[in-house]
Amino acid sequence: MALRSGRTRGTGRSENTEITRTPLGAVRRAQTITTYGVGAMIAVEDQSYIVCGLDSWRNVRKSDELYEPRLQHWLRVARFQLPPADEPSSGDGIRVRLFPEMYSCGTCKKLQEFKRFGSPTGKSLCGACDKPLTPSRFVVACENGHLDDFPYFEWVHKKSEPNRDPNEKVKHELTLESSGQTASLRSVVIKCSCGVRPVSLEGAFGGGAMFALGIKCKGRRPWLGHDANEPACTATPRTLQRGASAAWFSISRSALSIPPWSESLQQRLNQHYDMFSGLLDDGVSDSVLLNAIKRTDVMDDDRFTADQVLAAIHRRRELEASALPDSDEAAPMLESANELRREEYNQLYDGTRIVSRDENFECVPAAGDGSALPYGIKRSMLVKRLREVRALESFTRVTMPDPASGDTRRAAMANGAVDWLPAIEVSGEGVFLAIDEDLLQTWEQRPGPMTRSDQIWHNHTMLLRERAERTGSKVRLDDVRSPVTPRYVLLHTLAHVLINEWSLDCGYPSAALRERLYVDKDMAGVLIYTATSDSAGSLGGVVAQGEHRKLYETLESALSRAEWCSQDPPCMESEASGTNSLNLAACYACVLLAETSCETNNVFLDRAMLIGTQDDPSTGFFYKGD
């Protein structure tokens, strides 16, 4: 995907944007969903840019449109769009704007906006010194997604002379100097030509640093242009390093293509459905719609009749008219229990019959009568073909979006309304395992699992209440409770140990495998599947892991490996570990995975739920007794 600069004239409004055709750099398509999406900062050589909003995308190809009806319905969009590739035929790239705007010169020490340096076009040089300029190392952001340059002027003047008249007509020219005596911010000093006392940046990263000086969030959204501010923001801005991970957290959503939407007929409808739906909106009869169907290429190879196509259109209309899965205020906080996952769980559990080559989903039971299945596993399904669509819904800043807190923070992806979102698709394979429900219900009532789960539940509940209080949520704090259960911790940890084991057994790197959890009061399953869009996604080694005897061997090996960690005994005896103390017996030496493989950022894990503890082996689900 090519990155191109949007240089602005005059007011800087988007309609006056002059496009620079020469690409500034390139990133992979998948990175626009996970790393360098809309609103993210990206360093290209000696300059820093921010990725522009969706309304800046131009000339994208019709062939790069993606469809996944269930996910479209959930996210309220008409389609998805692959980011343009690097070739000119796929569009002319994605716009980026210069950000931060504050730069400094290492020779003359000036600190000011880039445009004031008089740099030659296409270069980043100080007009006076002819030396390279450096973009500001620091920015400020708030939890609502706003982003701004670090307020150097306010920082030095409010700390030095807070009572000085800001309207006093004095020339202000900032300089940034470093003593080099230490690596701390104390050595970075800001000076002003007006004569105020120089001030270091020590303390700038404190949570209340900006609030203490009365510096408020200006609601700036530089990825959408100069005139896209939201001035009513009440959040407190925080100082961040320009390249810090906290400067941009993606909020992505995904869905598997399952019948009927994975079937050949529904795939053929994708290109024509808008026209058919428009005719139905106009109130045409089925006979008129049948004539319109016959004029398209949907039936060119005579595989489907016009009546079958008509029935498929009405079925998709029924999906659009149905209630949104996330529209209910009582919707589950954990994604593993939502309506999209429930539909997938039922399909994975039941499997498919004979499917054609061009369909996107094939799931069959592993051969055997089940006698060779390991203890605790009720069903193993071989997902020989699957397709996943991952869309970038939005993003946040400062604090990571909590997948189990009902976090509603969403930064704007465009200036106006758009009916599409950027997305990628992944084709691969996997294995779906369903846990024995009877054994699970008995295990859940044991004191060991309940006690350990309650520790995680308590830590998570306290975290949720602290966030609700800090953000001024209207929900009563007593009603804010974690959704974590023993069942969830068990299945999540099981997925992690199997991914680690299978990566050793079948040759996949663990980062190429991904978990997908299905957990609720009446659901207990996990799908482990290939998660990459390159050749590592279709090597064929994962499906073989679901065969009964092979699964028995690998699960036994995984559980045996989980019994010992190089960090034991501290790891197993830990009362809180991981991010925000949301794990128990889990560390990178035993259970944790690459973040791309985990649904919940490596939290809610405890290997004692699998194998028990030395004091109480019955805490482990797979403990069979003496």
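In this text, all values refer to a predicted model and were calculated from it rather than measured experimentally.

A separate point is the overall build of the protein. Each helix and strand counted, the protein has 15 helices and 23 strands in total. Taking all 626 residues of the protein together, the buried fraction comes to 53%. Long-range pairs, those at least 24 residues apart, make up 70% of the contacts in the protein between residues at least 6 apart in sequence. When the accessible area of the protein is evaluated, it comes to approximately 28900 Å², of which 47% is carbon and sulfur surface.

Right, let's get into the sheet that holds strand 10 (residues 110–113). Think of a sheet as strands paired side by side through backbone hydrogen bonds, with each pair either parallel or antiparallel. One open sheet holds the six strands; their spatial order is 11-9-10-14-15-16, and the pairing between them is antiparallel. Edge positions in the sheet fall to strand 11 (133–135) and strand 16 (199–200), since each has one partner strand and no second. Strand direction decides the pairing type here: strand 10 and strand 14 (residues 174–178), joined by two bridges, are antiparallel. Within strand 14, the residue paired with lysine 110 across the bridge is threonine 175.

With that out of the way, let us pick up the confidence of the model for the protein. Across the protein, pLDDT averages 87, with 89% of residues at or above 70. Ranking the elements of the protein by mean pLDDT puts strand 2 (residues 17–19) last with 43 and helix 15 (residues 608–611) first with 97. Every residue in residues 7–20 is under pLDDT 50, and counting partners more than four places away or in other chains gives 24 contacts. Contacts from residues 327–331, a stretch scored under 50 in pLDDT, to residues over four places away or in other chains number one contact.

Our next topic: the pattern of salt bridges. Applying the stated criterion across every chain, the model contains 36 salt bridges. The salt bridge involving arginine 220 is made with aspartate 149; its shortest N-O contact spans 3.8 Å. Residue arginine 220 is found in the loop between helix 4 (209–212) and strand 17 (238–241), and its partner aspartate 149 is found in strand 13 (residues 147–149); the two are separated by 71 residues along the sequence. Residue classification places arginine 220 among the buried residues on the basis of a relative accessible area of 13%. By relative accessible area, aspartate 149 is classed as buried at 10%.

Take isoleucine 258: it is sitting in the loop between strand 18 (249–256) and helix 5 (264–269). On the basis of relative accessibility, which here comes to 3%, the residue isoleucine 258 falls in the buried class. The sequence separation of isoleucine 258 and glutamine 347 amounts to 89 residues, and the corresponding C-alpha distance is 7.2 Å. Leaving out residues up to four positions away in the same chain, isoleucine 258 has contacts with Arg70, Glu343, Glu344, Gln347 and Phe361.

What follows deals with the packing of helix 12 (residues 486–506) against helix 13 (residues 548–562). Contact geometry of helix 12 with helix 13 gives a least axis separation of 9 Å together with a crossing angle of 110°. If you check the angle between helix 12 and helix 13, you find them roughly perpendicular. Where helix 12 crosses over helix 13, the two elements pack in a sense that is right-handed. Touching Leu494, Val497, Leu498, Glu501, Trp502, Leu504 and Asp505 of helix 12 are Lys550, Leu551, Thr554, Leu555, Ser557, Ala558, Arg561 and Ala562, all from helix 13. Considered class by class, the residues forming the contact of helix 12 with helix 13 number nine nonpolar, two polar and four charged.

Across the sheet, which stays open at both edges, the three strands sit in the order 13-12-17 with antiparallel pairing between neighbours. A single partner strand is all that each edge strand has here, and the edge strands are strand 13 and strand 17. Shown here is a sheet whose adjacent strand axes are inclined to one another by a mean of 40°, direction ignored. Both strand 12 (residues 138–141) and strand 13 contribute to a ladder of three bridges, which runs antiparallel. Residue pairing in the sheet places valine 139 in a bridge with aspartate 149 of strand 13.

With that out of the way, let us pick up the packing of aromatic side chains. For the structure on display, the rule yields 15 aromatic pairs. Measuring from centroid to centroid gives 5.7 Å for phenylalanine 138 and phenylalanine 205, while their planes differ by 75°, and the two rings are edge-to-face. Taken together, the residues span a long stretch of sequence, with phenylalanine 138 in strand 12 and phenylalanine 205 in the loop between strand 16 and helix 4 at a distance of 67 residues. Centre to centre, the rings of tyrosine 345 and tyrosine 518 are 6.2 Å apart; their planes meet at 45°, and the pair counts as tilted. Note that tyrosine 345 is positioned in helix 9 (residues 339–350) and tyrosine 518 in strand 22 (residues 513–520), a separation of 173 residues in sequence. Among the residues examined, tyrosine 345 registers a relative accessible area of 10% and is labelled buried. Among the aromatic side chains, those forming a connected cluster through ring pairs are Phe138, Phe150, Tyr152, Trp155 and Phe205.

Right, let's get into the pairing of strand 9 (residues 102–105). Of the two faces of strand 9, the one lined by Met102 and Ser104 and the one lined by Tyr103 and Cys105 are each fully buried. Here strand 9 runs beside strand 10; their pairing, made up of three bridges, is antiparallel. Across the sheet, serine 104 pairs through a bridge with leucine 111, a residue of strand 10. Between the end of strand 9 and the start of strand 10, which pair antiparallel, lie four residues, with lysine 109 showing a positive phi angle near 70°. Pairing of strand 9 with strand 11 involves three bridges; the strand directions are antiparallel. What sits directly across from serine 104, in strand 11, is threonine 134.

Turning to the nonpolar core, a few remarks are in order. Counting residues in hydrophobic clusters, the biggest one holds 56 residues, and the most contacted among them are Ile435, Leu490, Leu494, Leu498, Trp502 and Leu610. With 10 residues, the single largest contributor to this core is helix 12. Aside from chain neighbours lying at most four places away, what touches isoleucine 435 is Gly376, Ile377, Lys378, Leu440, Leu491, Leu494, Ala524 and Phe621.

Attention shifts here to the pairing of strand 8 (residues 94–98). Regular strands place their side chains on alternate faces of the sheet. Within strand 8, four of the five residues are buried, which leaves it mostly tucked inside the rest of the structure. Summarising the sheet, strand 5 (residues 47–51) and strand 8 pair through three bridges and their orientation is antiparallel. What sits directly across from valine 51, in strand 8, is valine 96.

Of note, the amide linkage connecting proline 259 to proline 260 takes the cis form, showing an omega dihedral of 0°. Along the chain, proline 260 falls in the loop between strand 18 and helix 5. Phi at valine 398 takes a positive value of approximately 70°, unusual for a residue other than glycine. Summarising the element assignment, valine 398 is placed in the loop between strand 20 (377–396) and strand 21 (420–435).

So, on to helix 13. In this model helix 13 runs 21 Å from its N-terminal to its C-terminal C-alpha over 15 residues, within 8% of the 21 Å that 1.5 Å per residue would give. Within helix 13 the residues assigned to the buried category are His548, Leu551, Thr554, Leu555, Ala558, Leu559 and Ala562. Each buried residue of helix 13 lies within a common arc of 135° when the element is viewed along its axis, so the set occupies one face. Buried residues in helix 13 make contact with strand 20, strand 21, helix 12 and helix 15.

Reading the values: rules and limits
- Residues numbered from 1 in each chain as written.
- Predicted model: local features only at pLDDT ≥ 70, side-chain atom pairs only at ≥ 80, totals over all residues.
- Heavy atoms only, no water.
- Helix = DSSP H or I, 4+ residues; strand = E, 2+ residues; numbered from the N terminus.
- Buried < 20%, exposed > 50% of the residue type's maximum accessible area, 1.4 Å probe, protein only.
- Contact = heavy atoms within 4.5 Å.
- Areas by Shrake-Rupley, 256 points an atom, 1.4 Å probe, with all protein chains shown as cover.
- Pairing = 2+ DSSP bridges.
- pLDDT = per-residue confidence, 0-100.
- Salt bridge = Lys/Arg side-chain N within 4 Å of Asp/Glu carboxyl O.
- Axes fitted to C-alpha atoms, helices over the stretch in contact; angles between N-to-C directions.
- Parallel < 35°, antiparallel > 145°, perpendicular 65-115°, else oblique.
- Left-handed = near helix turned anticlockwise from the far one by under 90°.
- Nonpolar A, V, L, I, M, F, W, Y, C, P; charged D, E, K, R; others polar.
- Phe/Tyr/Trp six-rings, centres within 6.5 Å; stacked < 30°, edge-to-face > 60°.
- Core = buried A, V, L, I, M, F, W, Y, C linked by side-chain atoms within 4.5 Å.
- Expected span 1.5 Å × (residues − 1).
- Arc of directions from axis to C-beta.

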